[in-house]
Amino acid sequence: MALKQDEVYRCPDPDCGCEVTVTKGVAPGKGGNQNPCCSCGKKMVKMVKK
Ligand SMILES: [Zn+2]
């Protein structure tokens, strides 16, 4: 899934707990088909909004 504006991604490592918000989504056709990686090296997971 490409990064979309206002999506929130969190690091799955509870000892890290880093969380990022996408302030600007990926432009169409520019790829971005992967979740972002945390600075600790783990792949971040998308948070479901309520
Ligand atoms: Zn992390």
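To be clear, the structure that these remarks concern was listed above.
The following paragraphs examine the structure supplied in this document. (Residues numbered from 1 in each chain as written. Predicted model: local features only at pLDDT ≥ 70, side-chain atom pairs only at ≥ 80, totals over all residues. Heavy atoms only, no water.)

### Considering the nonpolar core
One broad trend across soluble globular proteins is that nonpolar side chains are buried collectively. Core analysis: the largest hydrophobic core is formed by five residues, namely Tyr9, Cys11, Val22, Cys38 and Met44. Contact partners of Cys38, with chain neighbours within four places excluded, come to Cys11, Cys16, Cys18 and Met44. (Core = buried A, V, L, I, M, F, W, Y, C linked by side-chain atoms within 4.5 Å. Buried < 20%, exposed > 50% of the residue type's maximum accessible area, 1.4 Å probe, protein only. Contact = heavy atoms within 4.5 Å.)

### Comments concerning the sheet that holds strand E1 (residues 8–10)
The three strands are arranged E2-E1-E3 in an open sheet whose pairing can be described as antiparallel. Two strands close off the open sheet at either side, each with one partner strand: strand E2 (19–21) and strand E3 (45–46). (Pairing = 2+ DSSP bridges. Helix = DSSP H or I, 4+ residues; strand = E, 2+ residues; numbered from the N terminus.)

### Observations regarding the side chain of Glu7
In this structure, Glu7 sits in the segment before E1. Side-chain polar atoms of Glu7 contact the side chain of Tyr9, separated by 2.8 Å. Aside from chain neighbours lying at most four places away, what touches Glu7 is Ala2, Val20, Thr21, Val22 and Lys46. (Polar contact = N/O pair within 3.5 Å; in protein donor to acceptor, adjacent residues only side chain to side chain.)

### Examining the environment of Cys11
Within the secondary structure, Cys11 is located in the loop between E1 and E2. Residue class for Cys11 comes out buried when judged on its relative accessible area of 5%. Separated by 28 residues in sequence, Cys11 and Ser39 place their C-alpha atoms 9.2 Å apart. Excluding anything up to four places from it in sequence, Cys11 contacts Cys16, Gly17, Cys18, Cys38, Cys40, Lys42 and Met44.

The values reported here are purely geometric and, on their own, carry no functional implication.
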